Amino acid sequence: MSGGAVPRLVIAAPSSGAGKTTVATGLMAAFAEAGLAVSPHKVGPDYIDPGYHALATGRPGRNLDAFLCGPQQIAPLFLHGAAGADLAVVEGVMGLFDGASGMGELSSTAQVAKVLRAPVVLVVDASSQSRSVAALVHGFASWDPEVRLAGVILNKVGSDRHEELLRDAMGSSGVPVLGALRRTEQARTPSRHLGLVPVAERRTEALESVRALAARVRAGCDLQALLALARTVPELPDRPWDPAEAVAAAGAPAAPPAAGSGRPVVAVAGGPAFTFSYAEHTELLAAAGAEVVPFDPLRDEQLPSGTRGLVIGGGFPEVYAPELSANAPLRAAVAGLAAAGAPVAAECAGLLYLSRSLDGRPMCGVLPADGRMTERLTLGYREAVALGDNALAAAGTRVRGHEFHRTVLEPGAGASPAWGVTHPRRGVEGFVSGGVHASYLHLHWAAEPALAGRLVAGAARGAVPGSAAGPA
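The structure displayed is predicted, hence computed values, not measured ones.

Colleague: Where do I start with the environment of Leu 149 in this structure?
Modeller: For Leu 149, the location among the structural elements is in strand β6 (residues 149-157). Residue classification places Leu 149 among the buried residues on the basis of a relative accessible area of 10%. When the C-alpha atoms of Leu 149 and Arg 239 are compared, they prove to be 26 Å apart, with 90 residues separating the residues in sequence. Ignoring anything within four residues of it in the chain, the contact list for Leu 149 reads Val 120, Leu 122, Val 137, Phe 140, Ala 141 and Val 175.

If you want it as structure tokens, here you go:
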């Protein structure tokens, strides 16, 4: 079987809350436990579900976001992630046809399914209906003829009699029922203000949850029929995305040898406080010439030996503010690296970690700002342009990002804004100071590989392109 014909399924739903994550993660785990190499994917910018997918399959969870990366990148990124897999399972986002606000089908599950030419299995919350389920499925099946709605999994079924009524109603719909899962409180995953609690914070319990989901799916779904459906896909004509080719094609500056070593060390924050990262970011950094070394700001008191660049992604610093603040040696090391002019790229949680304080607790003090939690959720896609040359982007670089947080920053003087936001509102966002680029925007670097090349080149040179040295 060629790489472009990897068997694949898209797991969608009429709306959020129907049970997509339950079914998708359970299917991934059940097929993996059966000995298949399963490639996990998630539509949209979500970071947390892919962590559970990775736990279920033993492979990195990959995101497919047509807004962040462009529709033309969906199939190449999918093929890159699915290389060597026996089956790919793609979990959708929101309702099947819901996409970026005001932009039609862009970034919807339906668009990704069409690009991948993959059959869709609709997960329906059947808890408060019987015959109406057939009308609902009929509507979704007929709405867009280019979307192949090939099966239904009934979720939250109340009893044997309830299942009998649902299956009877679906009998004349033309869409087969491929599974029925009962209402249960078992295997529920705890949530908080930004969604599920990430795997990194509860690995043992998360593994138990994933195993329980696999058992539920095995008991309630026709795995053989689902696998046979996945194998009906045509071959995709696209070539797999390649990080080295992407960096080269972007014309990113070549990374000169770091002083005293072959590859500059770029430290990447991880651990429970910083779980929001796309797998392609570290792949791009390595392709650009970096030695990528992970570290955990909750545990490690020093940056990795030889660190010349730093990437701090998103996560939950507000949950771990006491521990992050208590690790004074690492905070001092981060501040020292920034003061030396090394390139530092921070997103959302990383931005807060670099600030003076978070909810009154001292942070790294690199940026002239103080962060605090609020009740208001800031959420949505953004379009932005780099306002000047900095360690991450050249002036005029246009990006698409995603914002997702319940914190605010109260800035002081001493730093320039990173981005001019052009959609959906106009304004400025983020900070640039010395080699530091910090912002609330989550970016997918596969859309702009030059970001990785620029950061690594700056780390190798020991200088920051287009900026003055010194912290805020």
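Colleague: What is the right way to read the pairing of strand β5 (residues 120-125) from this model?
Modeller: Remark: a regular strand shows side chains that alternate across the two faces of the sheet. Across the 6 residues of β5, 5 count as buried, placing the element largely inside the fold. As defined by bridge partners, strand β1 (residues 8-12) adjoins β5 across 3 bridges and the pair is classed as parallel. Paired with Ile 11 across the two strands is Val 121, which belongs to β5. Here 6 bridges tie β5 to β6, and the two strands are oriented parallel to one another. Residue pairing across strands places Val 124 opposite Leu 154, the latter belonging to β6. Taking the sense of rotation as the criterion, the β-α-β connection linking β5, helix α6 (residues 132-143) and β6 turns out right-handed.

Colleague: Can you walk me through the packing of aromatic side chains in this structure?
Modeller: For any pair of aromatic rings, the description rests on two quantities: the centre-to-centre distance and the angle between the ring planes. Inspection of every chain in the model, using the stated rule, returns 7 aromatic pairs. Measuring from centroid to centroid gives 4.6 Å for Tyr 47 and Tyr 278, while their planes differ by 25 degrees, and the two rings are stacked. With Tyr 47 in the loop between β2 (38-43) and α2 (48-57) and Tyr 278 in the loop between β10 (265-269) and α11 (279-287), this pair connects stretches of sequence that are 231 residues apart. Ring centres of Phe 97 and Trp 143 lie 6.3 Å apart, and the angle between their planes is 55 degrees; on these two criteria the pair is classed as tilted.

Colleague: Sorry if this is basic, but what is going on with the packing of helix α4 (residues 74-81) against helix α5 (residues 109-116) here?
Modeller: For any two helices packed against each other, the geometry comes down to the angle between their axes and how far apart the axes lie. Between α4 and α5, the least distance of the axes is 9 Å, while the angle of their chain directions is 75 degrees. As summarised for this structure, α4 and α5 are arranged roughly perpendicular, according to the angle between their axes. In this structure, α4 contributes Ile 74, Ala 75 and Phe 78 to the contact, and α5 contributes Val 112, Val 115 and Leu 116. Here the residues of the contact of α4 with α5 sort into 6 nonpolar, no polar and no charged.

Colleague: Looking at this structure, I do not really get the side chain of Glu 429. What am I missing?
Modeller: Inspection of the secondary structure puts Glu 429 in strand β19 (residues 427-429). Buried within the structure, Glu 429 lacks any salt-bridge partner; Arg 425 is the closest side chain of opposite charge, at an N-O distance of 6.4 Å. A distance of 2.4 Å separates a polar atom in the side chain of Glu 429 from a polar atom in the side chain of Ser 439. With near-sequence residues (within four places) excluded, Glu 429 lies in contact with Pro 417, Ala 418, Trp 419, Val 421, Ser 439, Tyr 440 and Leu 441.

Colleague: I keep staring at the sheet that holds strand β13 (residues 344-347) and nothing clicks. Help me out?
Modeller: Remark on secondary structure: sheet strands pair via backbone hydrogen bonds, oriented parallel or antiparallel. What the 6 strands build is an open sheet, ordered β11-β10-β12-β13-β21-β20; its pairing is mixed. Strand pairing shows two members of the sheet lacking a second neighbour, β11 (291-295) and β20 (431-433), which therefore form its edges. Ignoring strand direction, the axes of neighbouring strands in this sheet form an average angle of 15 degrees. Here β20 runs beside strand β21 (residues 436-439); their pairing, made up of 3 bridges, is antiparallel. Residue Ser 433 lies in a different strand from β21, and its bridge partner there is Val 436. Packing of helix α15 (residues 450-461) onto the sheet brings it into contact with β10, β12 (307-312) and β13, and relative to β12 it is tilted by some 150 degrees.

Colleague: Help me out: how do you make sense of the confidence of the model for the protein in this one?
Modeller: Any region with low pLDDT has predicted coordinates that should not be read closely. Per-residue confidence for the protein gives a mean pLDDT of 91, with 91% of residues at or over 70. Confidence drops under a pLDDT of 50 for residues 190-195, and excluding neighbours within four residues, the segment shows 23 contacts in the predicted structure. Segment residues 463-472 is flagged for pLDDT under 50; beyond a separation of four residues in sequence, or across chains, it makes 30 contacts in the model.

Colleague: It is not clear to me how the packing of helix α1 (residues 20-33) against α2 should be interpreted in this structure. Could you clarify?
Modeller: Following both chains from N to C, one finds α1 and α2 inclined at 20 degrees, their axes separated by 8 Å at the closest point. Judged by the inter-axis angle, α1 sits roughly parallel to α2. Note on packing geometry: the crossing formed by α1 with α2 is right-handed. Note on element contacts: α2 touches α1 through Asp 49, Tyr 52, His 53, Ala 56 and Thr 57, opposite Thr 21, Thr 25, Met 28, Ala 29 and Ala 32.

Colleague: How should I be thinking about the environment of Gly 99 in this particular structure?
Modeller: By the secondary structure assignment, Gly 99 is in the loop between β4 (87-91) and α5. A relative accessible area of 24% means that Gly 99 is categorised as partly exposed. Taking the C-alpha atoms as reference points, Gly 99 and Gly 44, separated by 55 residues in sequence, lie 8.9 Å from one another. Excluding residues that lie within four positions of it along the chain, Gly 99 makes contacts with Met 94, Gly 104, Leu 106, Ser 107 and Ser 108.

Colleague: Would you mind showing me how to read the sheet that holds β4 here?
Modeller: Ordered by their spatial adjacency, 7 strands build an open sheet running β3-β2-β4-β1-β5-β6-β7, and the pairing between neighbours is parallel. Among the strands making up the open sheet, the edge pair consists of β3 (62-64) and β7 (177-182). Sheet twist, expressed as the average angle between the axes of neighbouring strands with direction ignored, equals 25 degrees. As paired strands, β6 and β7 are joined by 4 bridges and run parallel to one another. Bridge pairing links Leu 154 to Ala 180 in β7. Contacting β1, β2, β3, β4 and β5, α5 crosses the sheet at an angle of about 170 degrees to β1. The sheet contacts of α6 involve β5 and β6, and relative to β5 the element is tilted by about 145 degrees.

Colleague: Explain helix α13 (residues 328-339) to me, please; I cannot follow it from the model alone.
Modeller: Quick reminder: α-helices carry 3.6 residues per turn. Residues three or four places apart thus point the same way. Spanning 12 residues, α13 covers 16 Å between terminal C-alpha atoms, matching the ideal 16 Å at 1.5 Å per step. The positive-phi residue at the C-terminal boundary of α13 is Gly 341, with phi of around 90 degrees.

Colleague: Mind showing me how you'd approach the environment of Leu 226 here?
Modeller: Locating Leu 226 in the fold gives a position in helix α9 (residues 223-230). When the C-alpha atoms of Leu 226 and Leu 27 are compared, they prove to be 9.3 Å apart, with 199 residues separating the residues in sequence. If sequence neighbours within four positions are ignored, Leu 226 has contacts with Leu 9, Leu 27, Phe 31, Val 121, Leu 178 and Cys 221.

Colleague: Help me out: how do you make sense of the nonpolar core in this one?
Modeller: Nonpolar side chains tend to gather and get buried jointly when the protein is soluble and globular. In terms of nonpolar packing, the biggest core is built from 113 residues, with Phe 78, Leu 116 and Leu 285 touching the most fellow members. Ranked by residue count, the leading element in this core is α1, at 7 residues. When residues no more than four places from it in sequence are discounted, the contact partners of Leu 116 are Arg 8, Leu 64, Ile 74, Ala 75, Phe 78, Val 90 and Leu 236. If you look at the next biggest cluster of nonpolar residues, it comprises 36 residues, including Leu 324, Cys 348, Val 366 and Tyr 440.

What counts, and where the lines are drawn
Residues numbered from 1 in each chain as written. Predicted model: local features only at pLDDT ≥ 70, side-chain atom pairs only at ≥ 80, totals over all residues. Heavy atoms only, no water. Helix = DSSP H or I, 4+ residues; strand = E, 2+ residues; numbered from the N terminus. Buried < 20%, exposed > 50% of the residue type's maximum accessible area, 1.4 Å probe, protein only. Contact = heavy atoms within 4.5 Å. Pairing = 2+ DSSP bridges. Right-handed = clockwise from strand over helix to strand, strands pointing away. Phe/Tyr/Trp six-rings, centres within 6.5 Å; stacked < 30°, edge-to-face > 60°. Axes fitted to C-alpha atoms, helices over the stretch in contact; angles between N-to-C directions. Parallel < 35°, antiparallel > 145°, perpendicular 65-115°, else oblique. Nonpolar A, V, L, I, M, F, W, Y, C, P; charged D, E, K, R; others polar. Lys, Arg positive; Asp, Glu negative; His and termini not counted. Salt bridge = Lys/Arg side-chain N within 4 Å of Asp/Glu carboxyl O. Polar contact = N/O pair within 3.5 Å; in protein donor to acceptor, adjacent residues only side chain to side chain. pLDDT = per-residue confidence, 0-100. Left-handed = near helix turned anticlockwise from the far one by under 90°. Expected span 1.5 Å × (residues − 1). Core = buried A, V, L, I, M, F, W, Y, C linked by side-chain atoms within 4.5 Å.

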